[in-house]
Amino acid sequence: MMLFWYTIAVLLSLAIFSFLWKDNPLYKFAEHLFVGTMVGYQVVMVFSQIIMRKIVDPITVAFDNSQILTLISLVFATLIGLLFLARFSRKAEWVSRYPISITVGFWSGYAIVASFKTSVLTQIRGTVVDDLGQPLLNGHLIGDFFKNPSLKTLDLATAGPLLVFGVIVVLVYFFFSVKHDHPIIKFANKPALFYLMIGFGASFGYTFMGRISLFIGRMNFIFNEWWPLFKQTIGG
Amino acid sequence: MKTPWYEKIMSLDKKVLYVIMFVVVMIPLLARWTYNPAVMPEVKDIYDEIEGIYTYNQSHPDTPQGILLSFDYSPSTNAELDPMTMSVLRHAFMRRIPVITWAAFPDSIDLAKNITTFIAKEYGAVYGKDFVFMGYPYPMTAAVIAFGSDVRNFLVKDFYGNLSTALPLLNKIYNYKSIGLIVTVSGTSYPRFWVTYANTLYGKKIATGTTAVSAAEFYPFLQTDQMIGMMGGLRGAAEYEKLVQALETQVIGEDIGSYLRNLYNDAPEGVWDTKIYTPGFSEEELQSHLSTRMSARTGMASQASAHFYVIFLIILANLGFFLSRRAENKR
Amino acid sequence: MKKITIILLLILLSAPFMAAQETNEETPFYACDLSLYDSPNDEGVNVELEFTPGNTAAEVPQYAIDLYIDGAFSNTIMVKNAGALFLHTIPVDKSGTLVRAEVFAYDAQGQRQGPIVVKEATSAAQWYFSDRLGAFIWSLAFIGLIMVLIRKAKRGQEIFIRRIAGLEAIDDAVGRATEMGRPVYYIPGTSVIDDIATLASLNILRPVAQQVATYETPFSVPIQDPVVLTVAQDVVKEAYMAAGRADLHDEGMVYLASVGQFAYAAAVNGAMVREKPATVFLLGMFWAESLMLAETANTVGAIQIAGTDSTSQLPFFIAACDYTLIGEELYAASAYLSREPLLLGTLKAQDIIKGAVIISLVLAIVLMLFGSDFIMRIFLQ
């Protein structure tokens, strides 16, 4: 039985790969099968893991344990959630704005300070000091390099200043309130592009690695999992 | 006039390049070459952190720390990320660290469940005591916040329908105080979400495993210590796999096959819930368990040769470009 | 007699001193500095312990700190005497828990002496976490700026945004297509209408469609999402009417190519190979299909102007396209072209905050060079 399903998986993988040649009915069939299966699987999982686990089970447990306050809040929240379905009616569409505003309002408020701290303040801190609290523009490290010149001391001495300079010029590059012939913008333009391109180059290389890994994963499945099983089953 | 070699290269059909790429990837796979990666500090940090949890648990057996492993990826990226989750689970189960796992997407529920039970079986881990699988904690943000106080109020039942309050593991580990490390393995930007909520608001340590596509995005968080470590792409998986295999050799021995064959011999009845997994390995299963221990390193051999091929193509194409431009300027 | 009395008195008077000296030699002095206090900025579930040894390691190799939670013994922390400050966080279950710490010294013979110091503290929950003050002030400032600037833009007041370099290429690109008599393709990404990149792209679609209508160039807008389709159809129709060329507008210009990701890429690639557009706009949110679209456009000899905020697709666009709007430049281009108050106000607020970030970064770095972490503590907490 395992061989049967593995073989189906191999055939579907090859059908998708046939797109490399050109778009064809086999590829279209495999893609539609994938989309359809995914939707069906998700419907079942959403019912069992969300409707049952997050609505029915907590209400049942609260009822069994006589947790009245929990029960009331769960039922009330479920009713508010059901108001989302009003979107399907032109007349009653306005009702769905209540749960949307509650959801968006709560999550925006909860996320704003946390996101600001995570993505902005901590990152600015990380541009001033390292995780040990030492400043990134560190004269001692530069002095160490001149005392004991080596690749390691050069790396330690230059990493911090390069990072600080890069952050500042790239921030200036994306500053749109000043004319592009402003001296600071003009000065920052080329170095910022340099930093951006190095960053995108690294991302490009990493992305290529990611795509090849997926291909290797499929080939590994076909040649090192399906093929030995096929040989074993057919060979007896 | 004869077409110069560099113009022939520039006009090479893409299909030829695809065929050569196929050959370059297949040879190491079929020859089962492996790759011995040097372990990067960001991967070693995750390993050291989990070892730190093991050391802590040895001296605090009544108040152990656990690991929360979040399967934040769907099957489309399993080639890169499955080796990571398997290695982390092997490490945790080998060190008897309690593990809570869950899946971030509906289509990753089965994947998460299968991998968790697949690895748990290798170490005789008991469901409910050594590990639990919480299914699909929707919405994820609410689950992350719930862990700040008591996750059992939000995740009332586990994936199998057991009450959370009836699981011994969750009676000891139900909030962030008892979580030593959160490991998020993701193919999207989910690790950023974990850093924003679990790390910024609750001060929890986050380790991440990501696909290579997203890895570059998370280096700023590594630099500021918002993440304690990162396994980036298949290479990160190969490095962690290597560390865990060395530990396994130290703790269990060289012959993992014999260890697995004999693991459930003379085992007492009723310890393991057969709904979760059946104790004992068939030969087929044994081969599968042994081959997954090398999957990332086998893949990296093909990865390395693909990279060399692409570097060669880039050099060739650039050479062709500059030579044709020079020839055009001469004309 | 007198002499005997004086001698006896001397002995009596010196006895306490001799006794004291003996006591000093026989009664060692154990000292330490212990501080026990509620952890700041938490829900009352932690108590902090700071301990500094007062004796040398030779006198007291080890200290023991017994912890009592609400009167019941909890555990003992053994602290090796390294002469340095020892910090420990004591976790408790709830706010209002009384924690008592008793310090004992282990002398050179291993005998437990004490308790030498006893301290108590009660855990308390804080209503306000002061370590988030910096983030709160920044967030308020940002929200306030956005509201003020949106209001300013709505009133029609001038908000300066510099022209984005890639926008100049749009005029040239549309002109090129007109001269060559080949169509212009506009691909507004493959994401849903909620995505900011899609909204930015639809804002740029309007002036592009208007320009195309003015030049009477064939125009094609293949779409992947049905909701985006309805919006794009309205945008293009209005653009043609604004250009006074409603007669040139055709409903078939904006069409649903396919809903599936790669099916969409295949459909659009096929159309590009057949119709050979001279200009292709790839503006919006893209995923793995980005390079497929850019490569095909390159193969048919089209000039490509791309823009996305997806950091994983930007490298592909930069490598394959003639002009690329990087990240925020897409939103800036959208605000610049559409002059919508919401977009202008938000972009300007972002710029002001960015300026404040640059200034505080530079100030923090300069102050750190002189050993001061003032900016770090106050503004970057």
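Remember, predicted model here, so these are calculated numbers, not experimental data.

Caption draft 1: Molecular detail of the overall build of chain C. Counting secondary structure elements, chain C contains eleven helices and 13 strands. For 381 residues, the compact-globule formula gives about 21 Å, and the C-alpha radius of gyration of chain C, at 38 Å, lies well above that figure. Referenced to the eigenvectors of the C-alpha coordinate spread, the extents of chain C come out at roughly 140 × 45 × 40 Å. Sorting the 381 residues of chain C into buried and exposed places 38% on the buried side. Counted over contacts in chain C with a minimum sequence separation of 6, partners at least 24 positions apart contribute 67%.

Caption draft 2: Focus on the interface of chain B and chain A. Taken together, the contact pairs 40 residues of chain B with 40 residues of chain A. Of all elements in the fold, only α2 (14-30), α4 (78-94), α8 (190-202), α9 (212-223), α10 (233-251) and α13 (295-330) of chain B reach the threshold of two or more residues within the side of chain B that touches chain A. Of the residues belonging to the side of chain B that touches chain A, the class tally is 22 nonpolar, 14 polar and four charged.

Caption draft 3: Structural detail: the domain arrangement of chain C. Structurally, chain C comprises domain 1 (32-122), domain 2 (130-154 + 345-379) and domain 3 (165-339). The centre of domain 2 of chain C, based on its C-alpha atoms, is set 36 Å off from the matching centre of domain 3 of chain C.

Caption draft 4: Representation of the interface of chain C and chain A within the structure. Taken together, the contact between chain C and chain A spans 37 residues of the former and 34 residues of the latter. Counting residues per element, the ones that place at least two in the side of chain C that touches chain A are α2 (133-154), α6 (261-275), α8 (314-320), α9 (328-338) and α10 (341-369) of chain C. It is α10 of chain C that provides the largest number of residues to the side of chain C that touches chain A, a total of twelve residues.

Caption draft 5: Main features of helix α7 (residues 183-235) of chain A. A rise of 1.5 Å per residue sets the reference length of α7 of chain A, with its 53 residues, at 78 Å; its end C-alpha atoms lie 76 Å apart and thus fit the reference within 8%. When the local axis directions of α7 of chain A are compared, the greatest deviation, roughly 35°, occurs at N189 of chain A, which is followed within four positions by the proline P191 of chain A.

Caption draft 6: Quick look at α2 of chain C. Residue and element names in this part refer to chain C. For α2, which comprises 22 residues, the first-to-last C-alpha distance of 32 Å matches the rise-based estimate of 32 Å (1.5 Å per residue) to within 8%. Residues of α2 that are buried: G134, A135, W138, S139, L149, I150 and A153. All buried residues of α2 fall inside an arc of 125° around its axis, so they share one side. The outward face of α2, more than 90 degrees from its buried face, is lined by the exposed residues L140, I143, G144, M147 and R151. Two residues or fewer past α2, G156 is found with a positive phi of approximately 90°.

Reading the values: rules and limits
Residues numbered from 1 in each chain as written. Chains lettered and ligands numbered in written order. Predicted model: local features only at pLDDT ≥ 70, side-chain atom pairs only at ≥ 80, totals over all residues. Helix = DSSP H or I, 4+ residues; strand = E, 2+ residues; numbered from the N terminus. Rg over C-alpha atoms; globule rule 2.2 N^0.38 Å. Buried ≥ 20, exposed ≤ 12 C-beta atoms within 10 Å, placed from the backbone. Contact = placed C-beta atoms within 7 Å. Nonpolar A, V, L, I, M, F, W, Y, C, P; charged D, E, K, R; others polar. Domains from an automatic or database assignment. Expected span 1.5 Å × (residues − 1). Bend = angle between axes of the 7 residues up to and from the residue. Arc of directions from axis to C-beta.

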